[in-house]
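Per-entry structural report
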Amino acid sequence: MEGLSAAWVPRDPLPECGDSSGRDPRDMNHTKGGLVIFTANSHPTSRELSKRIAERLGVELGKVQVYQEANRETRVQIQESVRGKDVFVIQTVSKDVNTTIMEMLIMVYACKTSCARSITGVLPYFPYSKQCKMRKRGSIVSKLMASMMCKAGLTHLITMDLHQKEIQGFFNIPVDNLRASPFLLQYIQEEIPDYRNAVIVAKSPASAKRAQSFAERLRLGIAVIHGEAQDAESDQVDGRHSPPTAKTTGAIHPSMEIPLLIPKEKPPITVVGDVGGRIAIIVDDIIDDVDSFVAAAETLKERGAYKIYVMATHGILSSDAPRLIEESAIDEVVVTNTIPHELQKLQCPKIKTVDISMILSEAIRRIHNGESMSYLFRNIGVDD
């Protein structure tokens, strides 16, 4: 893939797959019925994944102009006919996430009003996925995102490793939540020397299920870091710990005493599991603010781990993340190219990229040709 930045490319799994007739899917017509692939990114660095997918499918990217006007409004101009065609809109999240969302919505709506037969959104990283639960007086922004995409005209969504799988329930259209773990597992087996002497680490109990999934597939041990500082906001700021006023107290029946929930008290940091003299591989779905990963790496070093890897699907790597990683005890950070991070790689050589365009292009091909998607979800359990 000349002209594209270097990324670790896994072995091609396609020889193993095929439809019920036994045909090799690579021999099938990629453009049966009319296939158009658009990339909604106005920023050049965000178009790389789309180019890789189109190259694997043997098609050219659709002609479209996406740009920002002087007043910062987003304008989309589709420059070819999409009437009666299957349109796939690929959108990777750039640094300006809100502009990214508007580009996606406007392009989907433009395809809808141009009479496309179907419009499938390909969002490897689903923006605002961390805001999928109600917190205090906030809102569930992931639900809002899903509603806007469906209203704009999306008929299908392809994404990867949602922060919470329950986000799929916010949509009233089909959602295919692909997994990057097969590519990360293959990277561990082929690129980490002596990986048999490794232990899979969850940096918090919340990540234990993901770590268990990796450990069971690699036949390795597991360790869990417990007691580290959490990012939860203080409950004191919204007045919920304030004593009720006298008028409010009087409104409560005298015999009614509402029991108070005992506040949590975090124990000292402990590592459940043996990491002494081992390679520690920390796994998670998103790596953005790296402070917790750096703290986990220091803890593992203190417990005797001699090499530390961090593996995640989505490498957002905001703010000073490259500098903090470079100065930390982490030896290598491995992320996929669901989000462009070429600038961060220039700032920190410890960051490595795994290419996942293969599974996205295969998902597009199968949806377009009306084939089953079950092959892409083989051996994936409920907790994976």
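Presented here is a report on the structure given in the accompanying data block.

Rules behind the numbers
- Residues numbered from 1 in each chain as written.
- Predicted model: local features only at pLDDT ≥ 70, side-chain atom pairs only at ≥ 80, totals over all residues.
- Heavy atoms only, no water.
- Helix = DSSP H or I, 4+ residues; strand = E, 2+ residues; numbered from the N terminus.
- Expected span 1.5 Å × (residues − 1).
- Buried < 20%, exposed > 50% of the residue type's maximum accessible area, 1.4 Å probe, protein only.
- Core = buried A, V, L, I, M, F, W, Y, C linked by side-chain atoms within 4.5 Å.
- Domains from an automatic or database assignment.
- Pairing = 2+ DSSP bridges.
- Axes fitted to C-alpha atoms, helices over the stretch in contact; angles between N-to-C directions.
- Contact = heavy atoms within 4.5 Å.
- Parallel < 35°, antiparallel > 145°, perpendicular 65-115°, else oblique.
- Nonpolar A, V, L, I, M, F, W, Y, C, P; charged D, E, K, R; others polar.
- Right-handed = clockwise from strand over helix to strand, strands pointing away.
- Phe/Tyr/Trp six-rings, centres within 6.5 Å; stacked < 30°, edge-to-face > 60°.
- Lys NZ or Arg CZ within 6 Å of the ring centre and 35° of its normal.

A few words on helix α10 (residues 357–368). An ideal rise of 1.5 Å per residue puts 16 Å on 12 residues; α10 measures up with 16 Å between its terminal C-alpha atoms. Residues of α10 that are buried include every one of S357, M358, I359, L360, S361, E362, A363, I364, R365, R366 and H368, and no others. Looking one or two residues past α10, G370 carries a phi angle of roughly 70 degrees, positive in sign.

The subject of this paragraph is the nonpolar core. Counting residues in hydrophobic clusters, the biggest one holds 47 residues, and the most contacted among them are L178, I200, I281, L360 and I364. Here this core spans two domains, and each of domain 1 (35–178) and domain 2 (182–229 + 269–354) adds at least three residues to it. Formed by 33 residues, the second largest nonpolar core is a distinct cluster that contains V36, V108, M149 and I173.

Strand pairs in the sheet, formed through backbone hydrogen bonds, run parallel or antiparallel to each other. The seven strands lie next to each other as β10-β9-β8-β11-β12-β13-β14, forming an open sheet whose pairing is mixed. If you trace the sheet from one side to the other, it starts and ends with β10 (270–272) and β14 (351–354), each paired once. Each strand axis lies, on average, 25 degrees off the axis of its neighbour in the sheet, ignoring direction. Most of the contacts of helix α4 (residues 181–191) go to strand β12 (residues 307–315), to which it runs at about 155 degrees, and overall it touches β11 (279–287), β12, β13 (332–336) and β14. The strands that helix α7 (residues 291–302) touches are β8 (198–202), β9 (221–226), β10, β11 and β12; relative to β11, the one it contacts most, it runs at about 170 degrees.

Read from one edge of the open sheet, five strands run β1-β4-β5-β6-β7, paired in parallel fashion. Pairing within the sheet leaves two strands with one partner each, and these edge strands are β1 (35–39) and β7 (175–178). When strand polarity is set aside, the average angle formed by the axes of neighbouring strands in this sheet is 15 degrees. The pairing of β1 with strand β4 (residues 86–90) spans five bridges and is classified as parallel. Residue F38 lies in a different strand from β4, and its bridge partner there is V89. Packing against the sheet, helix α2 (residues 97–113) makes contact with β1, β4 and β5 (118–123), and its axis sits at approximately 165 degrees to β5.

As a further point, take the packing of α2 against helix α3 (residues 141–152). Between α2 and α3, whose axes approach to 8 Å, the crossing angle comes to 25 degrees. Considered as vectors, α2 and α3 are oriented roughly parallel to each other. Where α2 approaches α3, its residues I101, L105, V108, Y109 and K112 are matched on the opposing element by M145, M148, M149, K151 and A152. For the contact of α2 with α3, the class distribution of residues is eight nonpolar, no polar and two charged.

On to the pairing of β12, then. The element β12 is largely enclosed, with a buried count of eight among its nine residues. Where β11 lies against β12, eight bridges are found, and the strand directions are parallel. When the sheet's bridge partners are listed, I282 is paired in β12 with V310. Handedness of the β-α-β unit built from β11, α7 and β12 comes out right-handed. As judged from the four bridges shared by β12 and β13, these two strands associate in the parallel manner. Opposite Y309, over in β13, you have E332 as the bridge partner. As a crossover connection, the stretch from β12 through helix α8 (residues 321–326) into β13 is right-handed.

A few words on the environment of M145. Structurally, M145 is set in helix α3. In this structure M145 comes out as buried when scored by relative accessible area, which is 3%. When the C-alpha positions of M145 and I101 are compared, they lie 8.7 Å apart, and in sequence the two are 44 residues distant.

Between the first and last C-alpha of α2 there are 25 Å, a value that for 17 residues agrees with the 24 Å anticipated at 1.5 Å per step. On its buried face, α2 sits against β1, β2 (64–68), β3 (74–78), β4, β5 and α3. One or two steps after α2, the chain reaches C115, where phi turns positive at roughly 70 degrees.

On to the packing of aromatic side chains. Scanning all chains against the criterion turns up two aromatic pairs. Taken together, a centroid distance of 5.7 Å and an interplanar angle of 70 degrees make the contact between F126 and F171 edge-to-face. In this pair, F126 is assigned in the loop between β5 and α3 and F171 in the loop between β6 (156–160) and β7, connecting sequence segments 45 residues apart. Judged by its relative accessible area of 1%, F126 falls in the buried class. The aromatic ring of Y375 is capped on one face by R378, whose charged end is 4.0 Å from the ring centroid.

Keep in mind these values describe shape, not function.
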